[in-house]
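Chains, contacts and geometry: an overview
Listed below, chain by chain, are the residues.
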Amino acid sequence: MKQLKTLIGASVLALSAFAANAAPINVNGVTWDPSHPLSFAADTDFFTQSIIANPGDTLSGWGNIGSINANSSFCAGCELTFEFGGFTTTNITTGQVRNTGANALNSSTGWVIEVDFEFAGGFANLWVDHSPNFDGSFASSTDGSLWLSAVPNMGTGASLLASAWIAYNPVTSTILFNEIIIGDGYALLDVTGGAAFANFDTNAQLFGADIRVTSQFGTRATPDNIIMNAVTVPEPASLAILGLGLLGMGALSRRRKA
């Protein structure tokens, strides 16, 4: 299966040359231009997530997409929202401790500690809603039609990796998990369904994943955000039309040579 995904990924890289000159893609009102240097780069406008403090805790969250390829008008008369959940903490490790006065990482205790997290499992869904009503609540982030669904690609050995500087009390050796100063997250996803499935099922990321997700969060994040990157292609029907067009051009060329 891995070899097959590698072969498919190589094929998609060949298709990306076409995507670089492709017309904008529109899926249920969500429009983006695959000729953008990153093909598809979605940035959140707002997101919130649960607090993780112990192995076994489950991470979940939701929010809305604010722009695609730096275009905030990507969904005329609609909105694109998301949810994620089921990411179970498997490992929490601590690193160096710093006095924030010397490192400009302000915390309520004056100290921070470096904490790394690993997760297993999880899912992510994006929803398109043609009656925009997102107000920051979970209900308003999941009341549209399913635009894209995905599960973690385990190529890194974890479904999600995160690292953060968190407020720390050196007197009591207590980590204040509800006071994250700055943190970063990284995940690879494989798409599983939704209206845009065919556009994202490209295996073009590391380990044959379809989507790369990075995030920044904490009191010093400006602002908290999640960025989704993917190489996207037109739907198979569009590619078939392109192929027929190329065949026609080839036939015309042969006739001229004759």
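Residues numbered from 1 in each chain as written. Predicted model: local features only at pLDDT ≥ 70, side-chain atom pairs only at ≥ 80, totals over all residues. Heavy atoms only, no water.

A word on the overall build of the protein. Within the protein, the regular secondary structure consists of five helices and 12 strands. Within the protein, buried positions represent 41% of all 258 residues. Long-range contacts, defined here as pairs at least 24 residues apart, represent 66% of the contacts in the protein between residues at least 6 apart. Accessible surface computed for the protein: about 12500 Å², of which carbon and sulfur atoms make up 58%. (Helix = DSSP H or I, 4+ residues; strand = E, 2+ residues; numbered from the N terminus. Buried < 20%, exposed > 50% of the residue type's maximum accessible area, 1.4 Å probe, protein only. Contact = heavy atoms within 4.5 Å. Areas by Shrake-Rupley, 256 points an atom, 1.4 Å probe, with all protein chains shown as cover.)

Moving on: the confidence of the model for the protein. Per-residue confidence for the protein gives a mean pLDDT of 83; residues scoring 70 or more make up 79%. Residue range residues 1–20 is modelled with pLDDT below 50. Its contacts to residues more than four positions away, or to other chains, number 22 contacts. Low pLDDT, under 50, characterises residues 237–258; the stretch is placed with four contacts to residues that sit more than four places away or in other chains. (pLDDT = per-residue confidence, 0-100.)

Let us look at the side chain of S140. Locating S140 in the fold gives a position in helix 3 (residues 138–141). On the basis of relative accessibility, which here comes to 4%, the residue S140 falls in the buried class. A polar atom in the side chain of S140 sits 3.0 Å from the backbone oxygen of S137. (Polar contact = N/O pair within 3.5 Å; in protein donor to acceptor, adjacent residues only side chain to side chain.)

Turning to the side chain of N225, a few remarks are in order. On the secondary structure map, N225 appears in strand 12 (residues 225–230). For N225, the side chain forms a polar contact with the side chain of D43, separated by 3.5 Å. When residues no more than four places from it in sequence are discounted, the contact partners of N225 are D43, T44, F47, T214, S215 and Q216.

Bringing the nonpolar core into the picture now. Membership of the largest hydrophobic core comes to 46 residues, with the highest contact counts inside it found for W147 and F200. Counting residues in hydrophobic clusters, the runner-up holds five residues, among them L105, W165, I181 and I182. (Core = buried A, V, L, I, M, F, W, Y, C linked by side-chain atoms within 4.5 Å.)

Turning next to the layout of surface pockets. Space inside the largest pocket adds up to approximately 680 Å³. For the largest pocket, the lining is made up of 36 residues, of which F47, Q49, L59, F84 and I226 are closest to its centre. Looking at the lining of the largest pocket element by element, the count peaks at seven residues for strand 10 (residues 174–193). A class-by-class count of the residues in the lining of the largest pocket yields 26 nonpolar, eight polar and two charged. (1 Å grid on protein atoms, 1.4 Å probe; cavity = no way out; pocket = protein on both sides within 12 Å on 5 of 7 lines; lining within 4 Å. Points joined across faces, edges and corners; volume = space filled by probe spheres on them. Nonpolar A, V, L, I, M, F, W, Y, C, P; charged D, E, K, R; others polar.)

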